[in-house]
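Working through the structure, step by step
Listed below are the residues making up each chain.
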Amino acid sequence: MPHRSGALSIYNGATGYQWKWRSVSRDFGRSWSLPQRYIYSPDQPLSMCVLRSGKWLLAKNGYLDQMLFYMPDKLVAYLSEDEGNTWFGNLVIDERMDCSSPCVTDAGDGSLYIAYAYHPFMAGKSEVYLARTSEIEINQAAAEEIAKVEDRRLILSCEDAVRLQKVETEKYASTKRKPDGEALVVATYNIEYENPGARYPWKKRLAYVKDLFDTHRFDVVGVQEPWRPEYLQLKEALQKDYSSIWACTNLDRDDFSNAIFYRRDRVELLEHDIFWYTENPGMKNGFGGTTSRLCIWGKFRDRKSGRVFFLFNSHFDFSNYETQLVSARLLARKVREIAGDCPAICTGDFNSTDENAACVFLSGGPFLKDSRTEAKRVINSKMSTSGLYRKPEDIPNNGYRIDHIYFTPGLSRIDSWEVLAEEHVGIWGGSDHNPIKVQWQILK
């Protein structure tokens, strides 16, 4: 961007960074100042140009003070009278989510044009729109609570992109594949941290969890919430049959963690890693929530069939729906990036019920589906996963569940789904959550 003084400014930000940065040159681009943080706009490109009036025009995702967290929210236009130091306007170009990549220009006749893409993450659309506005319209928007561009039209429908996307998703919709080997027994279980207020002490609950594992002989289990001492004791109790991977959500002290336990005689661990549901790993306020959260994933080989599969284990923040939705979008993206064409299954305490936006998004497909709704056989279909150490007859049968298992359809299927509400070692429940168990069949 050229300044009236002759200086030049450049703005940039790499994928994964939350800020766009600014650097200035005062010698016609021969040298540049150290970059400084400029505008918060994670992962989303923005566009600026100098108007004939001398003002600067900016189009970006979200309002200037809005925390986006990797979510391509609405497109908004702004003007600056002081070469980008301050902005005003708040004119909404397009209020829909998944609009991105704006390009702005001054037509010279008083009209300002903004071209941009509209590509819903989970829909068969890929379109380019053109919006026309003016300095007057953007000026007026600064005085209004909500102001939207009315002159907007579709100029390009990228049918080839839609066609390619349909080809890419066909394998997830296939119903002709046959089973490849024996089904895997997969479970998700929030075992509750070593809470002094829990109905039973951890020593008693540990015996319950061990007996549960021994009884059902889970092949792979996503476990949420154990603190380090709790995890280490569970690891020791299960060491005869199980190995595990583990990661803590707080880098400074023991806190909630995620773990994956796998039965060594059935599956082999090939690779594992984590990714964070936060812009500040290991710190507070991840994605606008109250705590930092992560997903731990493992790449496994089934020793019986030789097939490779992935398991992603998550524990979402509980504080607000927007944080959970952003986390869900990131999880779906990471499953596609990491697992590729391999079958994958996602376990976790998502702190969201079926009606919440995060779960609606994850179950909406085509890349992931909810194991309960897709299962051939369902047991305790309406039983709440918030068991609170109660007998089955005392657990609400209202369908309330925040624990879920999602899987890749077409590449795999769910033969059975069940909420486990059982008595072990003389107590009902080893946690305030009840585990979910599925029979997961990989297809060939």
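The structure presented is a predicted model; accordingly, all values stated were derived computationally and were not measured.

A separate point is helix 5 (residues 321-339). Here helix 5 is 19 residues long and its end C-alpha atoms lie 26 Å apart, about the 27 Å a rise of 1.5 Å per residue gives. Within helix 5, the full set of buried residues consists of Thr323, Gln324, Leu325, Val326, Ser327, Ala328, Arg329, Leu330, Leu331, Ala332, Val335 and Ala339. Buried positions along helix 5 lie against strand 17 (267-276), strand 18 (294-302), strand 19 (308-315), strand 20 (344-349) and helix 6 (357-363). Measuring from the side-chain oxygen of the N-cap residue of helix 5 to the backbone nitrogen of Thr323 gives 2.7 Å; that N-cap residue is Asn320. Count one or two residues on from helix 5 and you reach Gly340, which has phi positive near 60 degrees.

Looking now at empty space enclosed by the protein. A full pass over the atoms with the stated rule returns one cavity of 30 Å³ or more. Looking at the largest cavity, its volume works out to about 40 Å³. At three residues, the largest contribution of residues to the lining of the largest cavity is made by helix 5. Taken together, the residues of the lining of the largest cavity sort by class into six nonpolar, two polar and one charged.

A separate point is the side chain of Glu135. Along the chain, Glu135 falls in helix 1 (residues 135-141). A relative accessible area of 19% means that Glu135 is categorised as buried. Within the structure, Glu135 has its side chain in polar contact with the side chain of Ser53 (distance 2.8 Å). Aside from chain neighbours lying at most four places away, what touches Glu135 is Leu51, Ser53, Lys55, Leu79 and Leu112.

Okay, the packing of helix 3 (residues 202-216) against helix 4 (residues 228-237) next. In a packed pair of helices, the relevant descriptors are the angle between the two axes and the axis-to-axis distance. For the pair helix 3 and helix 4, the least separation of the axes is 10 Å and the interaxial angle reads 40 degrees. Considered as vectors, helix 3 and helix 4 are oriented oblique to each other. By crossing handedness, the relation of helix 3 to helix 4 is classed as right-handed. The residues of helix 4 that touch helix 3, namely those facing Trp202, Arg205, Leu206, Val209 and Lys210, are Glu230, Gln233, Leu234 and Ala237. Considering only residue class, the contact of helix 3 with helix 4 consists of five nonpolar, one polar and three charged.

Let us now look at the packing of aromatic side chains. By convention here, two paired aromatic rings are described through the distance between centres and the angle between planes. Evaluation of the coordinates by the stated rule reveals 22 aromatic pairs. Ring plane angle 85 degrees and centroid distance 5.3 Å describe the contact between Tyr172 and Phe367, whose orientation is recorded as edge-to-face. Of this pair, Tyr172 sits in helix 2 (residues 159-173) while Phe367 sits in the loop between helix 6 and strand 21 (369-370), and the two are 195 residues apart along the sequence. Like Tyr172, the residue Phe367 is buried in the burial classification. A ring pair is formed by Phe213 and Phe261, whose centres lie 6.2 Å apart and whose planes are at 80 degrees; its orientation type is edge-to-face.

A few words on the nonpolar core. With 28 residues, the main nonpolar core has Val220, Phe300, Phe309, Ile345, Val438 and Trp440 as its most contacted residues. The dominant element in this core, judged by the number of residues it contributes, is strand 27 (residues 436-442), at four residues. Once you skip the residues sitting within four places of it in the chain, Val220 turns out to touch Val185, Val186, Ala187, Ile260, Phe261, Tyr262, Val267, Phe300, Phe309 and Leu311. Phe287, Phe312, Leu330 and Val335 belong to the second-largest nonpolar core, a separate cluster that totals 26 residues.

Summed over the entire model, instances satisfying the criterion amount to 27 salt bridges. Where Arg329 meets Asp98, a salt bridge forms, and the shortest distance between an N and an O atom there is 2.8 Å. Of this pair, Arg329 sits in helix 5 while Asp98 sits in the loop between strand 7 (88-94) and strand 8 (99-106), placing them 231 residues apart in sequence. Just as Arg329 is buried, Asp98 falls in that class too. As a salt-bridge pair, Arg263 and Asp219 come within 2.4 Å of each other at their nearest N and O atoms. Linking Arg263 in strand 16 (residues 257-263) with Asp219 in the loop between helix 3 and strand 14 (220-224), this pair joins segments that are 44 residues apart in sequence. For Arg263, a relative accessible area of 9% gives the class buried. A single salt-bridge network, built from bridges that share partners, covers Glu182, Arg217, Asp219, Arg263, Asp265, Arg266, Asp302 and Lys304.

Before going further, it helps to spend a moment on unusual backbone geometry. The phi dihedral of Glu83 is positive, around 55 degrees, even though this residue is not glycine. For Glu83, the location among the structural elements is in the loop between strand 6 (75-80) and strand 7. Phi angles above zero are rare outside glycine, and Glu225 is one such case at about 90 degrees. As for its placement among the helices and strands, Glu225 is situated in the loop between strand 14 and helix 4. What makes Glu225 buried here is its relative accessible area of 9%.

Turning to helix 4, a few remarks are in order. Looking at helix 4, one finds that the buried residues are Glu230, Tyr231 and Leu234. On an axial view of helix 4, the arc spanned by its buried residues comes to 95 degrees, and they lie on one face. Residues of helix 4 that are buried in the fold lie against helix 3, strand 15 (242-248) and strand 16.

Let's shift gears to the sheet that holds strand 2 (residues 19-25). The strand order across the open sheet formed by three strands is 1-2-3, and the pairing between neighbours is antiparallel. With one partner strand each, in any of the chains shown, strand 1 (8-12) and strand 3 (36-40) form the two edges of the open sheet. Direction aside, the axes of adjacent strands within the sheet are offset by 35 degrees on average. Here strand 1 runs beside strand 2; their pairing, made up of five bridges, is antiparallel. Within strand 2, the position partnered with Ile10 by the bridge is Ser23.

Across the sheet, four strands lie side by side as 8-9-10-12; this open sheet has antiparallel pairing. The sheet is open, and its two borders are formed by strand 8 and strand 12 (152-157), each paired with just one other strand. Within this sheet the neighbouring strands show an average axis-to-axis angle of 25 degrees, counted without direction.

Conventions and cut-offs
Residues numbered from 1 in each chain as written. Predicted model: local features only at pLDDT ≥ 70, side-chain atom pairs only at ≥ 80, totals over all residues. Heavy atoms only, no water. Helix = DSSP H or I, 4+ residues; strand = E, 2+ residues; numbered from the N terminus. Expected span 1.5 Å × (residues − 1). Buried < 20%, exposed > 50% of the residue type's maximum accessible area, 1.4 Å probe, protein only. Contact = heavy atoms within 4.5 Å. Polar contact = N/O pair within 3.5 Å; in protein donor to acceptor, adjacent residues only side chain to side chain. 1 Å grid on protein atoms, 1.4 Å probe; cavity = no way out; pocket = protein on both sides within 12 Å on 5 of 7 lines; lining within 4 Å. Points joined across faces, edges and corners; volume = space filled by probe spheres on them. Nonpolar A, V, L, I, M, F, W, Y, C, P; charged D, E, K, R; others polar. Axes fitted to C-alpha atoms, helices over the stretch in contact; angles between N-to-C directions. Parallel < 35°, antiparallel > 145°, perpendicular 65-115°, else oblique. Left-handed = near helix turned anticlockwise from the far one by under 90°. Phe/Tyr/Trp six-rings, centres within 6.5 Å; stacked < 30°, edge-to-face > 60°. Core = buried A, V, L, I, M, F, W, Y, C linked by side-chain atoms within 4.5 Å. Salt bridge = Lys/Arg side-chain N within 4 Å of Asp/Glu carboxyl O. Arc of directions from axis to C-beta. Pairing = 2+ DSSP bridges.

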